[in-house]
Amino acid sequence: MTIRGIVFFDIDGTLVPWMSSSSFLAGRFGHQRELDAAEAAYASGELSNQQVSAIDARGWRGHRVSEVEGWLAELPVIEGTDTVVSWCRENAIEPMLASLAWQPVSESIAGRFGFTPNGGPRVHVRSGTYDGTVAEHFDEDDKRDRSLALAAARGLTAASCCAIGDRSGGPSSSVTLRSPR
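What you see is a predicted model, and the numbers here were worked out from it, not measured in a lab.

**Q** Help me understand the overall build of the protein chain, please; the structure alone is not making it clear to me.
**A** A count of helices and strands for the protein chain gives 7 helices and 5 strands. Its helices and strands taken in sequence order, the protein chain reads β-α-α-α-α-α-β-α-β-β-α-β from the N to the C terminus. Compactness check: the protein chain gives a C-alpha radius of gyration of 16 Å against a globular reference of 16 Å for 181 residues, within 12% of the reference. Taken over the C-alpha atoms alone, the protein chain extends approximately 45 × 35 × 30 Å along its principal axes. For the protein chain, buried positions account for 46% of its 181 residues. Long-range contacts, defined as pairs at least 24 residues apart, comprise 69% of the intrachain contacts of the protein chain with a sequence gap of at least 6.

**Q** Help me understand the pattern of salt bridges, please; the structure alone is not making it clear to me.
**A** Tallying each qualifying case throughout the model produces 9 salt bridges. With its nearest N and O atoms 3.9 Å apart, the salt bridge here joins Arg 28 to Glu 74. Here the residue Arg 28 occupies a position in helix α1 (residues 21–29), and Glu 74 occupies one in the loop between α4 (65–72) and α5 (81–90), the gap between them amounting to 46 residues. Owing to a relative accessible area of 36%, Arg 28 belongs among the partly exposed residues under this scheme. The exposure class of Glu 74 is exposed, given its relative accessible area of 51%. Put simply, Arg 122 and Glu 136 hold a salt bridge, and the shortest N to O gap is 3.3 Å. One end of the pair, Arg 122, is in strand β3 (residues 122–126); the other, Glu 136, is in strand β4 (residues 129–136), with 14 residues separating them in the sequence. We classify Arg 122 as partly exposed; its relative accessible area is 34%. What emerges from the salt-bridge pattern is a single network uniting Arg 122, Glu 136 and Arg 146.

**Q** Any chance you could explain the pairing of strand β2 (residues 93–97) here in plain terms?
**A** A regular strand places its side chains on the two faces of the sheet in alternate fashion. With 5 of 5 residues buried, β2 is to be regarded as a mostly interior element. Examined bridge by bridge, strand β1 (residues 5–9) and β2 share 5 bridges and lie parallel to one another. For Phe 8, the partnering residue across the bridge sits in β2 and is Met 96.

**Q** Is there a simple way to think about the packing of α1 against α4 in this case?
**A** A packed helix pair is summarised by two numbers, namely the angle formed by the two axes and the spacing between the axes. Relative to each other, α1 and α4 sit at 125 degrees, their axes nearing to 11 Å. Viewed along their axes, α1 and α4 adopt a mutual orientation that is oblique. Regarding α1 and α4, the two cross each other, and that crossing is right-handed. Taking contact as the criterion, the partners of Phe 24, Leu 25, Arg 28 and Phe 29 in α1 are, on α4, Val 68, Trp 71 and Leu 72. Per-class residue counts for the contact of α1 with α4 are 6 nonpolar, no polar and 1 charged.

Parameters and conventions
- Residues numbered from 1 in each chain as written.
- Predicted model: local features only at pLDDT ≥ 70, side-chain atom pairs only at ≥ 80, totals over all residues.
- Heavy atoms only, no water.
- Helix = DSSP H or I, 4+ residues; strand = E, 2+ residues; numbered from the N terminus.
- Rg over C-alpha atoms; globule rule 2.2 N^0.38 Å.
- Buried < 20%, exposed > 50% of the residue type's maximum accessible area, 1.4 Å probe, protein only.
- Contact = heavy atoms within 4.5 Å.
- Salt bridge = Lys/Arg side-chain N within 4 Å of Asp/Glu carboxyl O.
- Pairing = 2+ DSSP bridges.
- Axes fitted to C-alpha atoms, helices over the stretch in contact; angles between N-to-C directions.
- Parallel < 35°, antiparallel > 145°, perpendicular 65-115°, else oblique.
- Left-handed = near helix turned anticlockwise from the far one by under 90°.
- Nonpolar A, V, L, I, M, F, W, Y, C, P; charged D, E, K, R; others polar.

Structure representation (structure tokens):
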């Protein structure tokens, strides 16, 4: 079946509306207060995305990949997500994630519901354990650029795509799917 379009779904504030996925994980890692303060500073423009990622990544140190995967299986998402993804697929619309959430979060949600994963920062892994450093940063511009590149790779323009998200993120959380000038 030929894909007619793509719907890009944000994770934090959209599919996971009650908290950020990072805050959910930070509660298990034991650094939720520090991360929540950093995310608030990001939302007010006091910290950059990269600074918050570095703060959060430190909390992952020493935790096994399999442990985090188990926690992510419990990450709450909005009711009806599976129905929306099924409708998209039945109508030749690719449901794709486009988020600043960590890659393991995107991969978990994609695996649970049938989204195509896309983007997100990465925590460095050594021998199946997170080392507490950022292996790959990913910001608002990367989110837009990767989404447009994936659409183009499927022979689609931005006009055949839409994005579903919130406006509760950082200083420029509203991302428009237009090519950069």
